[in-house]
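Listed below, chain by chain, are the residues.
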Amino acid sequence: TGLVAAIEDLPFGYDWEEAIYEATIYSSEGYTGWHLPSIDVLELMYNTIGQGGPEGNIGGFINTQYWSNEEHPNNTRAWVYVFALGNESFTEKGYDCKVRPVRAF
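We now turn to the structure provided with this report. Since we're looking at a predicted model, the values are computed, not measured.

Procedures and definitions
Residues numbered from 1 in each chain as written. Predicted model: local features only at pLDDT ≥ 70, side-chain atom pairs only at ≥ 80, totals over all residues. Heavy atoms only, no water. Core = buried A, V, L, I, M, F, W, Y, C linked by side-chain atoms within 4.5 Å. Buried < 20%, exposed > 50% of the residue type's maximum accessible area, 1.4 Å probe, protein only. Helix = DSSP H or I, 4+ residues; strand = E, 2+ residues; numbered from the N terminus. Contact = heavy atoms within 4.5 Å. 1 Å grid on protein atoms, 1.4 Å probe; cavity = no way out; pocket = protein on both sides within 12 Å on 5 of 7 lines; lining within 4 Å. Points joined across faces, edges and corners; volume = space filled by probe spheres on them.

1. Some points on the nonpolar core
Counting 15 residues, the largest nonpolar core has Ala19, Leu36, Trp67 and Val99 as its most contacted members. Listing elements by their share of this core, those giving two or more residues are α1 (16-25) and β3 (77-82). Excluding residues within four positions of it along the chain, Ala19 makes contact with Tyr14, Leu36, Trp67 and Val99. Grouped together as the second largest cluster of nonpolar side chains are ten residues, Val41, Leu42, Met45 and Phe83 included.

In structure tokens form, the structure reads like this:
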């Protein structure tokens, strides 16, 4: 089995709860079963198809924060990957961040 990223971001910024929901209802080219990626998968996307990739940003990521599916130990925050800087961080769950769903195949 493997993992595939959506070819585009969801159209808006979402708070963390909305991001989880929007990722799970996403459908592309007849495929369902999408979800928010883990922080490790976001880092992998950055280093392969994002700004840190050998061929540049072929995934079309924006220089901003992308939500992961992982909560911070402080329940009011969740982990994000900062594509502008190439590192992980955390932010308040009410903050709007971008979403790039992934799914297993």
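There is more to say after this.
2. Observations regarding the environment of Ala23
As for its placement among the helices and strands, Ala23 is situated in helix α1. As for Ala23 and Val99, which are separated by 76 residues in sequence, their C-alpha atoms are 7.4 Å apart. Ignoring anything within four residues of it in the chain, the contact list for Ala23 reads Leu10, Trp34, His35, Leu36, Val99 and Pro101.

3. A short note on the layout of surface pockets
Quantified by volume, the largest pocket comes out at close to 200 Å³. In terms of lining, the largest pocket is formed by 14 residues, of which the most central are Leu3, Val4, Ala5, Met45 and Ile49. Going through the elements one at a time, β1 (3-5) and α2 (39-48) are the ones with two or more residues in the lining of the largest pocket. Ranked by the residues each element gives to the lining of the largest pocket, the list is headed by α2, at four residues.

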